[in-house]
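Inside the fold
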Amino acid sequence: MTDTRLTHIPAPEGVLPGNGYTHVVMGTGRFVALSGQVALDERGEVVGEGDPAAQARQVFENLRRCLAAAGATFDDVVKLTYYVTDIAHLPAVREARDAHVDTARPPASTAVQVAALFRPELLLEVEAFALLGQAAGRTE
C-alpha cells in the first residue's frame, strides 16, 4: 500500500449512501489518470468475447498493470468510470471490481451505458483516477 492519505465521505448530509461506491474521495498527492481499459490482452486479442465477467476480469487486470506502472495500487484509486454496452453487465463489473478494491472504502464511481465501444465485441471499458502519496510513485 502506498502512502496516500485519502478521506472517504460515503454519504454527505442529505445524500443517499451509494451501493458499492463512495460519493466523495479526497486527498493530497500526485494525480494519476488511467485511460479507459478494455478486455484486450497484450497481443491485442479480445479476452472473453460475449462474456461480461471474463471481460471485466481482464479490464481490472489491465487497470492493475497500469496502476503498477505508476507505482500505485487499487488502494490509491479515487474514481472509477464504467462504460458498458448494456447496464445488465454491471453485476459482472462489480464482482471484478470487488476483487480489487477495499469494499469498506470503495472509490467514487460513475456508470454509463453507451451505444458501442470502438470494437463491437467489447462490452465494457473502465477508466480510473488515482492519487499517490507524496513519497509514492516513480519519478522519471
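Below or above, wherever it landed, is the structure these notes cover. (Residues numbered from 1 in each chain as written. Predicted model: local features only at pLDDT ≥ 70, side-chain atom pairs only at ≥ 80, totals over all residues. Heavy atoms only, no water.)

Observations regarding the pattern of salt bridges
- Evaluated as defined, the whole model comprises seven salt bridges.
- Residues Arg-43 and Glu-42 are paired through a salt bridge, measuring 3.5 Å at the closest nitrogen-oxygen approach. In terms of burial, Arg-43 and Glu-42 fall into one category: exposed.
- The salt bridge involving Glu-61 is made with Arg-64; its shortest N-O contact spans 2.6 Å. With Glu-61 and Arg-64 both in helix 1 (residues 52-69), this residue pair falls three residues apart, about one helical turn.
- A relative accessible area of 35% means that Arg-64 is categorised as partly exposed.
- What you see here is one network of salt bridges that share partners, running through Asp-41, Glu-42, Arg-43, Glu-61, Arg-64 and Arg-65. (Salt bridge = Lys/Arg side-chain N within 4 Å of Asp/Glu carboxyl O. Buried < 20%, exposed > 50% of the residue type's maximum accessible area, 1.4 Å probe, protein only. Helix = DSSP H or I, 4+ residues; strand = E, 2+ residues; numbered from the N terminus.)

Some points on the packing of aromatic side chains
- Summed over all chains, the structure comprises two aromatic pairs.
- With 5.4 Å between their ring centres and 35° between their planes, Phe-31 and Phe-129 make a pair best called tilted. Of this pair, Phe-31 sits in strand 3 (residues 30-37) while Phe-129 is found in strand 6 (residues 124-132), placing the two residues 98 residues apart along the sequence.
- Here Phe-31 falls in the exposed class, since its relative accessible area comes to 54%.
- Taking relative accessible area as the criterion, Phe-129 reaches 28% and is therefore assigned partly exposed. (Phe/Tyr/Trp six-rings, centres within 6.5 Å; stacked < 30°, edge-to-face > 60°.)

Details of the pairing of strand 6
- Within strand 6, eight of the nine residues are buried, leaving the element largely enclosed by the surrounding structure.
- Across six bridges, strand 3 lies against strand 6 in antiparallel orientation. Paired with Ala-33 across the strands is Phe-129, a residue of strand 6.
- As judged from the seven bridges shared by strand 4 (residues 77-84) and strand 6, these two strands associate in the antiparallel manner. By the bridge assignment, Val-84 is partnered in strand 6 with Leu-124. (Pairing = 2+ DSSP bridges.)

Here's the deal with the environment of Val-114
- If you trace the backbone, Val-114 turns up in the loop between strand 5 (108-113) and strand 6.
- Setting aside residues up to four positions removed in sequence, Val-114 forms contacts with Tyr-83, Val-84 and Thr-85. (Contact = heavy atoms within 4.5 Å.)

Digging into the sheet that holds strand 5
- Spatial ordering of the open sheet is given by 3-6-4-5, a layout of four strands whose pairing is mixed. Of all strands in the sheet, those bounded by a partner on one side alone are strand 3 and strand 5. Strand after strand, the sheet turns through a mean of 10° between neighbouring axes, direction not considered.
- Sheet topology note: the strand 4/strand 5 ladder contains six bridges and is parallel. Among the inter-strand pairings, Leu-80 is bridged to a residue of strand 5, identified as Ser-109.
- The strands touched by helix 1 within the sheet are strand 3, strand 4 and strand 6, with strand 6 carrying the most contacts at an inclination of about 30°.
- Strands in contact with helix 2 (residues 90-98) are strand 4, strand 5 and strand 6; relative to strand 4, the strand with the most contacts, it is inclined by about 155°. (Axes fitted to C-alpha atoms, helices over the stretch in contact; angles between N-to-C directions.)

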